[in-house]
Amino acid sequence: MTDKSASFVYVTFIRTTPEKVFEAITKPEIARRYWGHENVSEDWQPGSSWQHVRTDEARTVDLVGEVIESDPPKRLVISWANESQKDDPDQYSRVTFDIEPQGDLVKLTVAHDELQPGSGMLNGISKGWPQVLSSMKSFLETGQGFDL
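Residues numbered from 1 in each chain as written. Predicted model: local features only at pLDDT ≥ 70, side-chain atom pairs only at ≥ 80, totals over all residues. Heavy atoms only, no water.

Per an unreviewed UniProt entry, the protein chain is named Polyketide cyclase, and its organism is Aquicoccus porphyridii. Looking at the Sequence similarities (unreviewed entry) heading of the UniProt record, one finds this comment for the protein chain: "Belongs to the AHA1 family." (UniProt positions renumbered as here; feature names shortened; annotations may be inferred.)

What follows is the structure, given as structure tokens:
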């Protein structure tokens, strides 16, 4: 059995609404402005598939998964795997977005778990999530994300 005991958690506070944070994650036209990718799903309902698609002309699908739980605008849980490894169940991890209002701020907690210790995915997301979530915060507060 594959060891999937590793996890990564990132918490940030954003001056916005829970609805805008949820939309920033799930609406392709918003995600592309701070992430350089679009998160695409037919309806973001449990059991639906989702894809993480580059915004360049090639429109390469980098990541895939399934919606596990969706409670807009409070919570979204998805499975997550490299597109090239989508046929191997051991390569899937889980991402949970918890979105909580805190006065005029939103507390966003992203927990990425069920990861293999020492894996390329753990290494990649440990660097990637802080950049992406900082870019999201900047975009939602100022209208300008980072070039990722």
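A. Main features of the overall build of the protein chain. Helices and strands together make up the secondary structure of the protein chain, namely 3 helices and 7 strands. Going residue by residue from the N terminus, the α and β elements of the protein chain occur as β-α-α-β-β-β-β-β-β-α. For the protein chain, the C-alpha atoms occupy an extent of roughly 45 × 35 × 30 Å along the three principal directions. With 148 residues in all, the protein chain has 43% of them scored as buried. Considering only contacts in the protein chain between residues 6 or more positions apart, those separated by 24 or more positions represent 45%. (Helix = DSSP H or I, 4+ residues; strand = E, 2+ residues; numbered from the N terminus. Buried < 20%, exposed > 50% of the residue type's maximum accessible area, 1.4 Å probe, protein only. Contact = heavy atoms within 4.5 Å.)

B. The layout of surface pockets, seen in detail. Taken as a whole, the largest pocket holds about 310 Å³ of empty space. What lines the largest pocket is a set of 16 residues, among which Trp35, His37, His52, Gly128 and Val132 lie closest to the centre. Put simply, the parts of the chain that give the lining of the largest pocket at least two residues each are strand 4 (61-71), strand 5 (75-82) and helix 3 (120-142). Ranked by residue count, the leading element in the lining of the largest pocket is helix 3, at 7 residues. Classifying every residue of the lining of the largest pocket by side-chain character gives 8 nonpolar, 7 polar and 1 charged. (1 Å grid on protein atoms, 1.4 Å probe; cavity = no way out; pocket = protein on both sides within 12 Å on 5 of 7 lines; lining within 4 Å. Points joined across faces, edges and corners; volume = space filled by probe spheres on them. Nonpolar A, V, L, I, M, F, W, Y, C, P; charged D, E, K, R; others polar.)

C. Geometry of the environment of isoleucine 25. Mapped onto the elements, isoleucine 25 comes out in helix 1 (residues 18-26). Remark: the alpha-carbon pair of isoleucine 25 and glutamate 38, spanning 13 residues in sequence, is separated by 8.8 Å. Residues within four places of isoleucine 25 in sequence aside, it is in contact with Tyr34, Asn39, Leu76, Phe97, Ile99 and Met136.

D. Region of the structure containing the side chain of histidine 52. Here histidine 52 is to be found in strand 3 (residues 49-54). At a separation of 2.7 Å, a polar atom in the side chain of histidine 52 contacts the side chain of asparagine 39. Excluding its chain neighbours within four sequence positions, the residues that come into contact with histidine 52 are Trp35, His37, Glu38, Asn39, Thr60, Val61, Asp62 and Leu63. (Polar contact = N/O pair within 3.5 Å; in protein donor to acceptor, adjacent residues only side chain to side chain.)

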